[in-house]
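Structure at a glance
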Amino acid sequence: MITTLRHLLVDSWAGRAAALLIFLAFIGWGVGDVYSNMGTSGSNAIMKVGDRSITPDDLSRGLNAQLPQVAQQMGLADASHLPQAAREQAARQVLQNLITQNEVQAAAARAGMDVPDDVVRQEIFAIPFFHNAAGQFDRSILNERLTRIGMTEANLIRMMREDIITRAVLQGMGQSVQIPTSLTERLLSFDARQRVLDVLFIPLPTAPLVTTPTDAQLHRFYDNHPWDFRTPEYRHAKMVLLTQETVARSIEVPDDVLKRLYEAQERTYNVPETRTLQVITFADEARADSAAVTWRKGLPWADLQKQYSDAASVSLPDARESDIPNPELAKAAFSAPLNQVTGPVKTSVGWVVFEITTIKAPHTTSFDAAKADMTAQVQKQEAPQAVQARMKQFQDAVAGSTTLDRIPADLGAAPVAGTMDAQGMTKDGMPAPIPGNEALRKAVVARVFSQNKGAQPSVVNGPDGSAFAILVDDVQPGTLKPFESVRAQVVQKWTAEQNRRIANERTTTLFTAAKSTTLAKAVAGQPEEGGMRRNVTLSRIHPDQSLPEAVTRAAFGNAVGKTAMLETPEGYWLVNVTSEKAPDPKDIHQLTSQLQSQYLQSLQSDIPVALNAAFEKEVPPTHINMSLFNQVVAATGAQQ
């Protein structure tokens, strides 16, 4: 976890100190052991890796560290406003990181790896959080601050030892990567290779046709294209849908469960004054003072971070005074005015400059006011298991009902009935009111139009664990509209087809001539000669934005000297690849460092993943408690 936070900030000693401070602060954030009484399996571990356990506290601390970063990436000032799906995704990533950390430790133990005490001691002594005013390690400060956050010295030593081992195994493997020169050269050639083209666009005619269609021509077109002039088929169906959303509403949650959840989420519902602050920390007062002056002149926070990239900078959204591990900073932050750069302020970790961007007054949400929100939380959490538990009863009910009118109400299945076309639209042109997401909606509509009228309903498995049953009880076939009622539409479509035929014939004539010579020679002296673009040069990194994607694909897919004919909604294109040019030296220079950096980062990321996958084969995670996992996610970072 220390490693994760270090990468979230900067790889300087100031950044490492800030990362460790924030990490240590999470230990005192009140998560405590409330989760130990929330699990349904009687275990206080979310997962085990060998003889090592991943506890709810481990997940909660990591998630609290990750959510502000996720919120910032999504443009949200407050992590409590993150959508549930984003919090769940972040939690899965944090859990995977914890698995990796524990797998590495287990593998290191099997290999007999250990970290000398002197190395651990040096790491701890170098952390400014434990330094005195003279910048030297002070044991009395270490003891006092570990006591304040509720951590023992033994736990700190264990954490530092494990962090060193993790870095040695994963980062060491990644840093040993060498980039194959041959592959880089092939990538450079692929991206920077230049093609030279002659291109000609023949648009569909826009002028009115000289020839007016006869009635016989229009009737023949009408007879040959009946699908263009029919009313849609409509079907009336009865539907019963069993989804997580429909089942959730039927789950009853006792008050005693809600009261325990309210107590577990006391931090969410009883909030003191919170402040959002942006903090940048310097080891030198002069640098801090310079940054403060620059910031006060209106330099945006993001630009300030770039300008002073050697400093440790962090945003603390909606922080309580107790959340800020640096007592000097906490005191200054909660007495500073809003929207005003403050500092430099001397603290135990250096000179800090900060700005308070928001202040939220204390607020308390009563149990009664929070009851609906907590009920929805529990219902959503229990819904997936409830759907599976009720599936057999739902199947039995559908099998015993030819009309779908006798499905027990307590199953939580939603009955729906209505008339729709094959696109799921009603006769009024509105989407049919089918519950569920777009994927479920499409599955239901497809079933309505593939199932025979009156066929015995059966349960169909839908997306995301859902299920539904359908009875089609009426079919209104589409009918051909009378010719006179669609005459204008027939004229329009006939004219469009004639225009495309004319353009196609002219393009085909030129294409046939170009195949035996070149496109330039084929159009020489022709009316289209002035519209041809010659010697158009492009590469994959420098495409011509004025050309359709199909033309660009043909430029790299066709051999030199070949001509291709392409059709688009607006007309036809002739593309002749006349030659191939070596990459521009400027592009090679620019791409070389870029590709090497990207490829190196990719390999450095892939090797630890592959290594950890091998570790997991040796010691697969066991005793997975998803119920406890879901409860931790629900209780962490919930909306305030």
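Quantities reported herein were computed from a predicted structural model and do not represent experimental measurements.

**Details of the overall build of the chain**
Each helix and strand in the chain was counted, giving 22 helices and 16 strands. Once local pairs closer than 6 in sequence are excluded, the contacts in the chain between residues at least 24 apart make up 74%. Approximately 32500 Å² of the chain is accessible, and the part contributed by carbon and sulfur atoms is 53%.

**What about unusual backbone geometry?**
Omega for the peptide link from Gly 343 to Pro 344 comes to 10°, which places this bond in the cis form. Among the structural elements, Pro 344 can be located in strand 8 (residues 341-347). For Asn 339, which is not glycine, the phi torsion reads 55° and is therefore positive. If you trace the backbone, Asn 339 turns up in the loop between helix 15 (327-333) and strand 8. For Asn 339, a relative accessible area of 49% corresponds to the partly exposed category. The phi dihedral of Asp 464 falls on the positive side, at around 60°, and the residue is not glycine. Note on placement: Asp 464 falls in the loop between strand 12 (460-461) and strand 13 (467-476). Relative accessible area serves as the criterion here: at 55%, Asp 464 is assigned to the exposed category.

**Topic: the nonpolar core**
Across soluble globular proteins, nonpolar side chains have a tendency to be buried as a group. Counting 26 residues, the largest nonpolar core has Leu 242, Met 374, Phe 394 and Ile 407 as the members making the most contacts within it. Elements supplying a minimum of two residues to this core: strand 4 (234-242), helix 11 (255-264), helix 16 (367-399) and strand 13. The element that contributes the greatest number of residues to this core is helix 16, accounting for 10 residues. What Met 374 contacts, discounting residues up to four positions off in sequence, is Leu 258, Leu 261, Tyr 262, Tyr 269 and Phe 367.

**Looking at the sheet that holds strand 13**
Taken in spatial order, the four strands make up an open sheet running 11-4-13-12, and their pairing is antiparallel. With one partner strand each, in any of the chains shown, strand 11 (414-420) and strand 12 form the two edges of the open sheet. One ladder, built from seven bridges, connects strand 4 with strand 11; its direction is antiparallel. Residue pairing across strands places Lys 238 opposite Ala 417, the latter belonging to strand 11. Here helix 16 sits on the sheet and contacts strand 4 and strand 13; the angle it forms with strand 13, its principal contact strand, is near 35°.

**A look at the confidence of the model for the chain**
Considering every residue of the chain, the mean pLDDT works out to 84; 88% of them sit at 70 or more. Helix 1 (residues 2-8) is the least confidently modelled element of the chain, averaging 35 in pLDDT, while strand 4 averages 96, the highest of any element. Counting interchain partners and residues more than four positions distant, the pLDDT-below-50 stretch residues 1-42 has 93 contacts.

**Regarding the side chain of Asn 326**
Looking at where Asn 326 falls in the secondary structure, it is placed in the loop between strand 7 (312-319) and helix 15. A distance of 3.1 Å separates a polar atom in the side chain of Asn 326 from the backbone nitrogen of Glu 328. Not counting residues within four places of it along the chain, the set of residues in contact with Asn 326 comprises Thr 347, Ser 348 and Val 349.

**Quick word on the sheet that holds strand 9 (residues 350-360)**
Adjacent strands of a sheet form backbone hydrogen bonds with each other and so pair up, either parallel or antiparallel. With antiparallel pairing, four strands are arranged side by side in an open sheet as 7-6-9-8. The open sheet is flanked by strand 7 and strand 8, the only strands paired with a single partner. Recorded for the sheet is a direction-independent mean angle of 25° between the axes of neighbouring strands. Here strand 8 runs beside strand 9; their pairing, made up of five bridges, is antiparallel. When the sheet's bridge partners are listed, Val 345 is paired in strand 9 with Val 352. The strands touched by helix 13 (residues 285-296) within the sheet are strand 6 (274-282), strand 8 and strand 9, with strand 8 carrying the most contacts at an inclination of about 165°.

**Description of the environment of Leu 628**
Mapped onto the elements of the fold, Leu 628 is located in helix 22 (residues 626-635). For the pair formed by Leu 628 and Ala 45, sequence separation is 583 residues and the distance between their alpha carbons is 8.1 Å.

**Here we look at the pairing of strand 13**
The sheet contact formed by strand 4 and strand 13 spans nine bridges and is antiparallel. Its bridge partner being in strand 13, Leu 241 is matched across the sheet by Phe 468. Pairing analysis gives two bridges linking strand 12 to strand 13, with the strands arranged antiparallel. By the bridge assignment, Asn 461 is partnered in strand 13 with Ala 467.

Parameters at a glance
Residues numbered from 1 in each chain as written. Predicted model: local features only at pLDDT ≥ 70, side-chain atom pairs only at ≥ 80, totals over all residues. Heavy atoms only, no water. Helix = DSSP H or I, 4+ residues; strand = E, 2+ residues; numbered from the N terminus. Contact = heavy atoms within 4.5 Å. Areas by Shrake-Rupley, 256 points an atom, 1.4 Å probe, with all protein chains shown as cover. Buried < 20%, exposed > 50% of the residue type's maximum accessible area, 1.4 Å probe, protein only. Core = buried A, V, L, I, M, F, W, Y, C linked by side-chain atoms within 4.5 Å. Pairing = 2+ DSSP bridges. Axes fitted to C-alpha atoms, helices over the stretch in contact; angles between N-to-C directions. pLDDT = per-residue confidence, 0-100. Polar contact = N/O pair within 3.5 Å; in protein donor to acceptor, adjacent residues only side chain to side chain.

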